Amino acid sequence: MTTNPDGQASNYTKTLLAGLWRENPVFRLLLGMCPTLAVTAAVKPALTMGLCVVFVLICSNIMVSLMRNLLKPHLRILMFTLTIATFVTIADLFLKAFLPAMSEKLGPYVPLIIVNCIIIARAEACASKNPILMSIIDALGMGVGFTLTLCILAGVRELIGTGKLFEIQVMPNAFVPWAALTMPVGAFLTLGFLLAFVNLISKKHS
Amino acid sequence: MRSIKHFFEQSWLLIVASFFFGLLIAVTNAALSARITWNATAKLNTLASGLLPEAKNFTPLDETIDIVAWGGKPQALQLYRATDNGQTVGWIFTAIGSGFADKIELVVAVNGNFESLAGFDILASNETPGFGDRIKEDGFRNQFKGAPAGELVISSSGDPGTVVTISGATVSSTAVVETLSHYLTQVKEQMQQKGLVDNDNES
């Protein structure tokens, strides 16, 4: 049996890009809403959360892909959760050791990655059915897509809510910050507007 | 016999994975725990300096204080003496209470003769953002400055010498008050017994 290298490369590219737009976990699949709404008041925590999710996604996809032929159907969710919980604990320990202030700011939302639907969905839909390389590319695409979405949402909220980006003042002094955007209500409002904007663009494209 | 074989056939991967992942977490924890502890100590010192700005040094006492922790278990509490040029200006200890979501860990500062609270700060908490975590706000914490170092009284009217809990964060704010009362009364009694501070009756 021969494989077409061009076709394989195109598959990898398609998988990588799927997470960024076509199957973006937040804007298209509406998964992982808890951290999306909770940690996007500023870009720094959003970026940290995104990178933690990328780490957990890649590691759990690798492990699930490695044991995909050994998984018993009725025990697979248990195995996924065990794998994800391990890497979330490791990410949490790293944050506590090297970014203690950020770890405190993110609070319970880092341990809550364990129940993030994106990670368990990718383990089920991709890693448990594909070899390692494809699983890593899928994790990378989904993880980066999730991180970018979080940063866009956080960027809008931080900029309009405080006049800053990455805690650096960027708006002129005359700008009056709309503080409501940094509050929980601001998360829902911004997400709603961004979802409407994304739907508008995809309708125009189709 | 057949059922045991069936059990292992079904679950061997889960058992092996549990051991492997457990080992992975244990190794990571062993590698990082020293740094995490150092971060916690640095934070304790920073918070203690904020609560007792006149203090230059925080020295742990050689002897711990035996108290009953929140929940009823015995605890050997580490007490820190805050000094300025050898003069005791206050005392620092940590207190752990049960909040709404998880444990709440507090840093408590009391004045030199252990009569009034210099204040408290939050060392660790996982209270609900926007609700329970309002116990970190200055408005709530400032009420405790100068309060008697003993049983604290909660009131809704805000009478002098009483503490008002936070509406919308009643469980968390009440937990802070109860934790402080629980620790302050015991620590004060133990310190008086050990002769570290004057007895109430003598002063």
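Here the structure is a predicted model, which is why all the values come from computation and not from measurement.

Caption draft 1: Region of the structure containing the overall build of chain A. Per the secondary structure count, chain A includes eight helices and two strands. Helices (α) and strands (β) of chain A occur, in sequence order from the N terminus, as α-α-α-α-α-α-α-β-β-α. Expected size for 206 residues packed as a compact globule is a radius of gyration near 17 Å; at 18 Å, chain A falls within 12% of this value. For chain A, the spread of C-alpha atoms along the principal axes amounts to about 65 × 45 × 25 Å. The proportion of buried residues among the 206 residues of chain A is 39%.

Caption draft 2: Region of the structure containing the overall build of chain B. Across its full length, chain B holds three helices and nine strands. The N-to-C order of helical and strand elements in chain B reads α-β-β-β-β-β-β-β-α-β-β-α. Against the globule reference of 17 Å for 203 residues, chain B gives a C-alpha radius of gyration of 22 Å, more extended than a compact globule. Principal-axis analysis of the C-alpha atoms places the extent of chain B at approximately 75 × 40 × 30 Å. Across the 203 residues in chain B, those meeting the buried criterion constitute 27%. Considering only intrachain contacts with a sequence separation of at least 6, the fraction spanning at least 24 residues in chain B is 56%.

Caption draft 3: A look at the interface of chain B and chain A. Opposite the 18 residues of chain B that make contact, chain A presents 19 residues. When the residues that make up the side of chain B that touches chain A are grouped by side-chain class, the tally is ten nonpolar, seven polar and one charged.

Caption draft 4: How the structure looks around the packing of helix α3 (residues 43–66) of chain A against helix α7 (residues 132–162) of chain A. All names here are of chain A. Contact pair α3 / α7: the axes reach a minimum separation of 8 Å and the direction vectors enclose 165°. Here α7 runs roughly antiparallel to α3, going by the angle between their axes. Note that α3 runs across α7; the crossing there is right-handed.

Caption draft 5: Quick peek at the sheet that holds strand β4 (residues 80–84) of chain B. Residue and element names in this part refer to chain B. Reading across from one edge, β1-β4-β5-β6-β7 is the order of the five strands in this open sheet, with antiparallel pairing throughout. In this open sheet, the two strands that pair with only one neighbour each are β1 (57–60) and β7 (117–125). Between one strand axis and the next, the sheet turns through 25° on average, direction left out of account. Note that β1 and β4 share four bridges and pair antiparallel. What sits directly across from Asn57, in β4, is Thr83. Contacting β5 (87–98), β6 (103–111) and β7, helix α3 (residues 170–194) crosses the sheet at an angle of about 130° to β5.

Caption draft 6: Representation of the packing of α3 of chain A against helix α4 (residues 76–98) of chain A. Residue and element names in this part refer to chain A. Contact geometry for α3 and α4: axes closest at 9 Å, N-to-C directions at 140°. When the axes of α3 and α4 are compared, the pair comes out oblique. In this structure, the crossing between α3 and α4 has a hand that is right-handed. Residues Cys52, Phe55, Val56, Cys59, Ser60, Met63 and Val64 of α3 touch α4, and the partners they reach there are Phe80, Thr83, Ile84, Phe87, Val88 and Ala91. Tallied by class, the residues present in the contact of α3 with α4 amount to eleven nonpolar, two polar and no charged.

Caption draft 7: Geometry of the environment of Gly186 of chain A. All names here are of chain A. Checked against the element boundaries, Gly186 lands in helix α8 (residues 184–205). Between the alpha carbons of Gly186 and Ala41 there is a distance of 8.3 Å; along the sequence they are 145 residues apart. Leave out the neighbours within four places in its chain, and Gly186 touches Arg157, Gly161, Ala180 and Leu181.

Caption draft 8: Region of interest: the pairing of β7 of chain B. Residue and element names in this part refer to chain B. The sheet contact formed by β6 and β7 spans seven bridges and is antiparallel. Looking across to β7, one finds that Val110 is bridged to Leu117. Where β6 hands over to β7, the hairpin turn is made up of five residues, of which Phe114 adopts a positive phi near 55°.

Caption draft 9: Up close: the nonpolar core. Grouped together as the largest cluster of nonpolar side chains are 45 residues, with contacts concentrated most on Val56 and Ala91 of chain A. Those elements that place two or more of their residues in this core are α3, α4, α6 (117–127), α7 and α8 of chain A. When near neighbours in sequence (up to four residues on either side) are disregarded, Ala91 of chain A contacts Cys52, Phe55, Val56 and Val110 of chain A. Core analysis: the next-biggest nonpolar cluster, separate from the first, contains 38 residues, Tyr80, Ile92, Leu152 and Leu184 of chain B among them.

Caption draft 10: Quick look at α6 of chain A. Along α6 of chain A, the residues that are buried comprise Ile118, Ile119, Arg122, Ala123, Cys126 and Ala127 of chain A. When α6 of chain A is viewed along its axis, its buried side chains cluster within an angular range of 135° and face the same direction.

Caption draft 11: Layout of the confidence of the model for chain B. Per-residue confidence for chain B gives a mean pLDDT of 88, with 95% of residues at or over 70. As scored by the predictor, the complex reaches a pTM of 0.78 and an ipTM of 0.87.

What counts and what doesn't
- Residues numbered from 1 in each chain as written.
- Chains lettered and ligands numbered in written order.
- Predicted model: local features only at pLDDT ≥ 70, side-chain atom pairs only at ≥ 80, totals over all residues.
- Helix = DSSP H or I, 4+ residues; strand = E, 2+ residues; numbered from the N terminus.
- Rg over C-alpha atoms; globule rule 2.2 N^0.38 Å.
- Buried ≥ 20, exposed ≤ 12 C-beta atoms within 10 Å, placed from the backbone.
- Contact = placed C-beta atoms within 7 Å.
- Nonpolar A, V, L, I, M, F, W, Y, C, P; charged D, E, K, R; others polar.
- Axes fitted to C-alpha atoms, helices over the stretch in contact; angles between N-to-C directions.
- Parallel < 35°, antiparallel > 145°, perpendicular 65-115°, else oblique.
- Left-handed = near helix turned anticlockwise from the far one by under 90°.
- Pairing = 2+ DSSP bridges.
- Core = buried A, V, L, I, M, F, W, Y, C linked by C-beta atoms within 7 Å.
- Arc of directions from axis to C-beta.
- pLDDT = per-residue confidence, 0-100.

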